[in-house]
Amino acid sequence: TQLLEQSPQFLSIQEGENLTVYCNSSSVFSSLQWYRQEPGEGPVLLVTVVTGGEVKKLKRLTFQFGDARKDSSLHITAAQPGDTGLYLCAGALLSGGYQKVTFGIGTKLQVIP
Amino acid sequence: EAQVTQNPRYLITVTGKKLTVTCSQNMNHEYMSWYRQDPGLGLRQIYYSMNVEVTDKGDVPEGYKVSRKEKRNFPLILESPSPNQTSLYFCASSTILDSNQPQHFGDGTRLSIL
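Residues numbered from 1 in each chain as written. Chains lettered and ligands numbered in written order. Predicted model: local features only at pLDDT ≥ 70, side-chain atom pairs only at ≥ 80, totals over all residues. Heavy atoms only, no water.

**Q** Describe a nonpolar patch on the surface, with residues and values.
**A** Residue and element names in this part refer to chain B. Judged by side-chain polarity, Ile-12, Val-14 and Leu-114 come together as a nonpolar surface patch covering roughly 330 Å² of accessible area. Relative to the elements of secondary structure, Val-14 occurs in the loop between strand E2 (10-13) and strand E3 (19-25). Since its relative accessible area comes to 46%, Val-14 is described here as partly exposed. (Patch = residues over 30% accessible without salt bridge, like charges linked within 9 Å, V, L, I, M, F, W, Y side chains within 5 Å. Areas by Shrake-Rupley, 256 points an atom, 1.4 Å probe, with all protein chains shown as cover. Salt bridge = Lys/Arg side-chain N within 4 Å of Asp/Glu carboxyl O. Helix = DSSP H or I, 4+ residues; strand = E, 2+ residues; numbered from the N terminus. Buried < 20%, exposed > 50% of the residue type's maximum accessible area, 1.4 Å probe, protein only.)

**Q** Give me the packing of aromatic side chains: which residues, what numbers.
**A** Enumeration according to the criterion identifies nine aromatic pairs over all chains in this entry. Ring geometry for Tyr-35 of chain A against Phe-103 of chain A: centres 5.6 Å apart, planes inclined by 50°, an arrangement best described as tilted. A residue pair is termed long-range when its members are at least 10 positions apart, and Tyr-35 of chain A in strand E4 (residues 31-37) and Phe-103 of chain A in strand E10 (residues 98-103) qualify at 68 residues. By relative accessible area, Tyr-35 of chain A is classed as buried at 0%. Plain terms: the ring middles of Tyr-64 of chain B and Tyr-89 of chain B are 5.9 Å apart, the flat faces sit at 65° to each other, and that makes the pair edge-to-face. Here Tyr-64 of chain B is found in the loop between strand E6 (54-57) and strand E7 (65-66), whereas its partner Tyr-89 of chain B is found in strand E9 (residues 87-94), with 25 residues between them in sequence. Here the two residues Tyr-64 of chain B and Tyr-89 of chain B agree in accessibility, since each one is buried. Ring pairs connect the aromatic residues Tyr-35 and Phe-103 of chain A together with Tyr-35, Phe-90 and Phe-105 of chain B, which therefore count as one cluster. (Phe/Tyr/Trp six-rings, centres within 6.5 Å; stacked < 30°, edge-to-face > 60°.)

**Q** Give a detailed account of the layout of surface pockets, specifying residues and quantitative values.
**A** The computed volume of the largest pocket comes to approximately 670 Å³. Along its surface, the largest pocket is lined by 30 residues, and Gln-37, Leu-86 and Lys-108 of chain A together with Gln-37 and Leu-88 of chain B are the ones closest to its centre. Contributing elements (two or more residues each) for the lining of the largest pocket: strand E9 (85-95) and strand E11 (107-112) of chain A together with strand E4 (31-38), E9 and strand E11 (109-113) of chain B. Split by residue class, the lining of the largest pocket holds 10 nonpolar, 13 polar and seven charged. (1 Å grid on protein atoms, 1.4 Å probe; cavity = no way out; pocket = protein on both sides within 12 Å on 5 of 7 lines; lining within 4 Å. Points joined across faces, edges and corners; volume = space filled by probe spheres on them. Nonpolar A, V, L, I, M, F, W, Y, C, P; charged D, E, K, R; others polar.)

Structural data, given as C-alpha cells:
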C-alpha cells in the first residue's frame, strides 16, 4: 500500500492546457517536496512546502500544501512541451529521530506541441 | 559543481556475480541514501546513512549491503544478484533531513541481472 497516493499516473495534454496533479495521504507530513525527473536523469527538486495551507509559485507552476498537511497539489498553467517529465511528490515524516522521506509513484506528463 | 556521481550508469550481468555500484558526493552532506525505481512502484528506499559508519535499512533492503567508511562515498553492494534486482537505482545525498533540505540525486544506474 502506497503511503502517498499520486494521481493521475499518466497525463497527456495539448500545449496551452492547464492541469493539476494530486498527492494524497492519510498521514500528516512535516513537509512535502515536489520533484521533476527527466529520462536518464535523477529527480530534481522543484519546491518544498512546510506550512499547512501554504501556496508557492514557480513561474507557471503553483504548489499547495493542504491545511491538514496530508495532501498537496501541483497546478500547471498553459503547459509547454518543456514541462514534459515525471513529477514526484515526497512526504517527510519524523520517524526514529530523523525525517523519513516517502515518494509517490509519480505522474508522467506529456505535453504535445 | 555540486553533484552526486554514480558508476556505472549501465550494467548487464548474470545471476550470482557480485557487483558494486559506487556513489560519491562533493557537497559534504551527512545523509546519503539508495533508492530503486520500478514501474508502478515508484522510488523505494533500500538503505540510508546518517553519517560515517552509521547505516540503516530502508523499505526494501533484502539482497543489498552498503558501507559508509568515508563521508563522501556510499557504495551499494549486491553480493549475489538475482533477476528481481533488475531496476533503475539512484543514490541521493542531503544535509541532515530534519532541516527540510532537498535530496540531491545522481543520474541513476540501470542494472539488468540475467
